[in-house]
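# Chain and residue survey
Here's the letter readout for the chains.
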Amino acid sequence: MLIRHIQQDFHKNVSEKIFLENKGINRYRVFTPFLFDNGDNLKIS
């Protein structure tokens, strides 16, 4: 599946504020709008 299709599915089904970055074959980093109490971003790889 192309990253473009995955990102479109995320935007349609979850949130427009979630973005994906290709980090290699079948590896993606997910950028979310979620913050911890100390201001750090929630990172998902």
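The structure this text deals with has already been given above.
Anyway, here's the lowdown on the structure attached to this text. Not measured: the values here are computed from a predicted model.

A word on the sheet that holds strand E2 (residues 27-35). Strand order in the open sheet made by the three strands is E1-E2-E3, with antiparallel pairing throughout. Single-partner strands in this sheet number two, and they are strand E1 (19-24) and strand E3 (41-44). Strand-to-strand, the axes of this sheet are offset by a mean angle of 25 degrees, without reference to chain direction. Two elements, E1 and E2, share five bridges in a ladder whose sense is antiparallel. Bridge assignment links Asn 22 to a residue of E2, and that residue is Tyr 28. On top of the sheet, helix H1 (residues 3-13) reaches E1 and E2; it is set at about 150 degrees to E1, its chief contact.

A word on the side chain of Thr 32. On the secondary structure map, Thr 32 appears in strand E2. Side-chain polar atoms of Thr 32 contact the backbone oxygen of Leu 42, separated by 3.3 Å. Not counting residues within four places of it along the chain, the set of residues in contact with Thr 32 comprises Lys 17, Asn 41, Leu 42 and Ile 44.

Cut-offs applied
- Residues numbered from 1 in each chain as written.
- Predicted model: local features only at pLDDT ≥ 70, side-chain atom pairs only at ≥ 80, totals over all residues.
- Heavy atoms only, no water.
- Pairing = 2+ DSSP bridges.
- Helix = DSSP H or I, 4+ residues; strand = E, 2+ residues; numbered from the N terminus.
- Axes fitted to C-alpha atoms, helices over the stretch in contact; angles between N-to-C directions.
- Contact = heavy atoms within 4.5 Å.
- Polar contact = N/O pair within 3.5 Å; in protein donor to acceptor, adjacent residues only side chain to side chain.

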